[in-house]
Amino acid sequence: MFGYYYGFDLTYLVLVMPAILLGLWAQMRVKSTYARYSQVRAGRGITADQAARLILDMNGLRDVPIQRISGSLTDHYDPRDRVVRLSESVYGSPSIAAIGVAAHEVGHAVQHATGYAPMKLRSAIVSVTNIGSTLSMPLILIGLVLNSSGLAMAGVALFSLVAFFQLVTLPVEFNASHRALATLESRDILSPQELSGAKSVLTAAALTYVAALIQSLAQLLRLLILVNGRRRND
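What counts and what doesn't
- Residues numbered from 1 in each chain as written.
- Predicted model: local features only at pLDDT ≥ 70, side-chain atom pairs only at ≥ 80, totals over all residues.
- Heavy atoms only, no water.
- Pairing = 2+ DSSP bridges.
- Helix = DSSP H or I, 4+ residues; strand = E, 2+ residues; numbered from the N terminus.
- Axes fitted to C-alpha atoms, helices over the stretch in contact; angles between N-to-C directions.
- Buried < 20%, exposed > 50% of the residue type's maximum accessible area, 1.4 Å probe, protein only.
- Lys, Arg positive; Asp, Glu negative; His and termini not counted.
- Salt bridge = Lys/Arg side-chain N within 4 Å of Asp/Glu carboxyl O.
- Polar contact = N/O pair within 3.5 Å; in protein donor to acceptor, adjacent residues only side chain to side chain.
- Contact = heavy atoms within 4.5 Å.
- Patch = residues over 30% accessible without salt bridge, like charges linked within 9 Å, V, L, I, M, F, W, Y side chains within 5 Å.
- Areas by Shrake-Rupley, 256 points an atom, 1.4 Å probe, with all protein chains shown as cover.
- Core = buried A, V, L, I, M, F, W, Y, C linked by side-chain atoms within 4.5 Å.

Draft legend 1. Main features of the sheet that holds strand β4 (residues 76–78). Spatially, 3 strands are ordered β3-β5-β4 in an open sheet, and the strand pairing comes out mixed. Each edge of the open sheet is held by one strand with a lone partner, namely β3 (66–69) and β4. Direction aside, neighbouring strands of the sheet carry axes that sit 30° apart on average.

Here it is, written out as structure tokens:
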């Protein structure tokens, strides 16, 4: 079984470290892919914020504003304030990368407006997930120190909420990208060749969410092994 071997935590080396490396690779890929297609200007000359406004209006979301925020690739849709926020590198950019990202965030706004079930579920469990993320590790550590398997397993159960949240996030992100690409194609905002570039950017971004889920599952499995191993040793 996994455990400590000559001072090394084998569960971390075998389970968690590969997942972390996968996450780093996914982050590097999305940055390099975005950098590549951020140099390719869309033929129509439309900017990302203009494309976002166009798609919002087409979906009857004229009351949803678009705001410019600081940072790079900090783009997101805020369902609480019902606002699409585009980063400095995206807002006002005519690149196919920026247009793809902006359309993706609008996809989330459309999900919210149409009551897309996975998005509603994700929004509903955000608070509980944050609590689980904050309390899980302290409970596990206290449980291990006090030899309380109940406390340790309670911590593991709370951490499982993080993995569940990542799992629910996948269909939300993939669906938003699907909506974005379908709209960009049907409204001729991007040409077929340009659409391929935007798809590459959104696919690379989606891999970061897959990597995040794998990291959470690897950590969850590690915690289960460590806690169960301590219970058998007691």
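Draft legend 2. Broad picture of the side chain of D49. Its place among the elements puts D49 in helix α2 (residues 48–58). No salt bridge is formed by the buried D49; the nearest opposite charge belongs to R68, separated by 7.6 Å. Of the polar contacts made by the side chain of D49, one reaches the side chain of T47; its length is 2.7 Å. Excluding residues within four positions of it along the chain, D49 makes contact with I66, L86, Y91 and G92.

Draft legend 3. Representation of the side chain of S177 within the structure. Mapped onto the elements of the fold, S177 is located in helix α5 (residues 149–186). Those residues in contact with S177 that lie beyond four places of it in its chain are H104 and L202.

Draft legend 4. Fine view of a nonpolar patch on the surface. Where nonpolar side chains cluster on the molecular surface, the patch consists of L21, L22, L24, W25, M28 and I214 and spans about 570 Å² of accessible area. Here the nonpolar patch takes 5 residues from helix α1 (residues 10–37), the largest share from any one element. Inspection of the secondary structure puts L24 in helix α1.

Draft legend 5. Region of the structure containing the environment of Y34. Position of Y34 among the secondary structure elements: in helix α1. Overall, Y34 belongs to the buried group, its relative accessible area being 8%. Each C-alpha atom, one on Y34 and one on V156, is 36 Å from the other, the two residues being 122 residues apart in sequence. In contact with Y34, other than residues within four places in its own chain, are L73, S89, V90, A97, A98, V101 and V201.

Draft legend 6. Summary view of the nonpolar core. Core analysis: the largest hydrophobic core is formed by 38 residues, its most contacted members being L56, V84, V90, I99, L184 and L190. Where this core is concerned, the elements lending two or more residues are α1, α2, β5 (83–87), α3 (96–114), α5 and α6 (192–233). The dominant element in this core, judged by the number of residues it contributes, is α3, at 10 residues. Once residues within four sequence positions are removed from consideration, L190 is found in contact with A42, I96, I99, L184, L195 and A198. Listed in part, the 10 residues of the second largest apolar core include I140, F159, V162 and A163.

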